[in-house]
Amino acid sequence: QVQLVESGGGLVQPGGSLRLSCAASGIIFSSSTVGWYRQAPGKEREWVATITSGGKILNADSVKGRFTISRENAKNTVYLKMNSLKPEDTAAYYCRTVHYDIEYWGKGTLVTVST
């Protein structure tokens with residue numbers, strides 16, 4: 001059974017950094033396309049970044065130059081390094097993948113950017 005577990009969220013001041021992790025079991029992440037999404041209070045879930053099975057990286061315009069998605073195959077984990085955080089980055093962050101046409105989501109990790 002595929003499971004995704006996010007971690008690394010927390011409270012950070014504007015301009016600060018965090019690194020989120022998405023650890024997988026039941027699937028080999030190195031051959032999977034994995035995406036990060038976020039959902040702010042009262043808003044719809046939005047796409048943040050994707051790393052494809054071939055290693056191509058895509059970022060939403062709102063996070064370009066600030067967020068970096070990467071993969072560590074040995075740990076079967078995908079990361080989202082977030083720099084220059086802004087209050088508008090406050091949200092629950094989720095990772096997602098598709099395996100044999102089935103969509104899997106983690107339960108999310110909360111990021112709060114505030115003074």
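Rules and cut-offs
Residues numbered from 1 in each chain as written. Predicted model: local features only at pLDDT ≥ 70, side-chain atom pairs only at ≥ 80, totals over all residues. Heavy atoms only, no water. Phe/Tyr/Trp six-rings, centres within 6.5 Å; stacked < 30°, edge-to-face > 60°. Helix = DSSP H or I, 4+ residues; strand = E, 2+ residues; numbered from the N terminus. Buried < 20%, exposed > 50% of the residue type's maximum accessible area, 1.4 Å probe, protein only. Salt bridge = Lys/Arg side-chain N within 4 Å of Asp/Glu carboxyl O.

### Some thoughts on the packing of aromatic side chains
Here comes step 1: In total, this model carries 2 aromatic pairs according to the counting rule given.
Here comes step 2: Centre to centre, the rings of Y94 and W105 are 6.5 Å apart; their planes meet at 80°, and the pair counts as edge-to-face. Note that Y94 is positioned in strand β9 (residues 91-99) and W105 in strand β10 (residues 102-105), a separation of 11 residues in sequence.
Here comes step 3: For W105, a relative accessible area of 30% gives the class partly exposed.
Here comes step 4: Through pairs of rings, three or more aromatic residues link up here, namely Y37, Y94 and W105.

### Section: the pattern of salt bridges
Here comes step 1: If you walk through the whole model with that rule in mind, you get 5 salt bridges.
Here comes step 2: Here E46 and R38 are joined by a salt bridge, their closest N and O atoms 2.5 Å apart.
Here comes step 3: The partner of D89 in a salt bridge is R38, with the nearest N and O atoms 2.9 Å apart. Placement of the pair is D89 in the loop between β8 (77-82) and β9 and R38 in strand β4 (residues 34-39), with a sequence separation of 51 residues.
Here comes step 4: Residue classification places D89 among the buried residues on the basis of a relative accessible area of 0%.
Here comes step 5: Judged by its relative accessible area of 6%, R38 is buried.
Here comes step 6: Shared partners join several salt bridges into a network, and the residues in it are R38, E46, R66 and D89.

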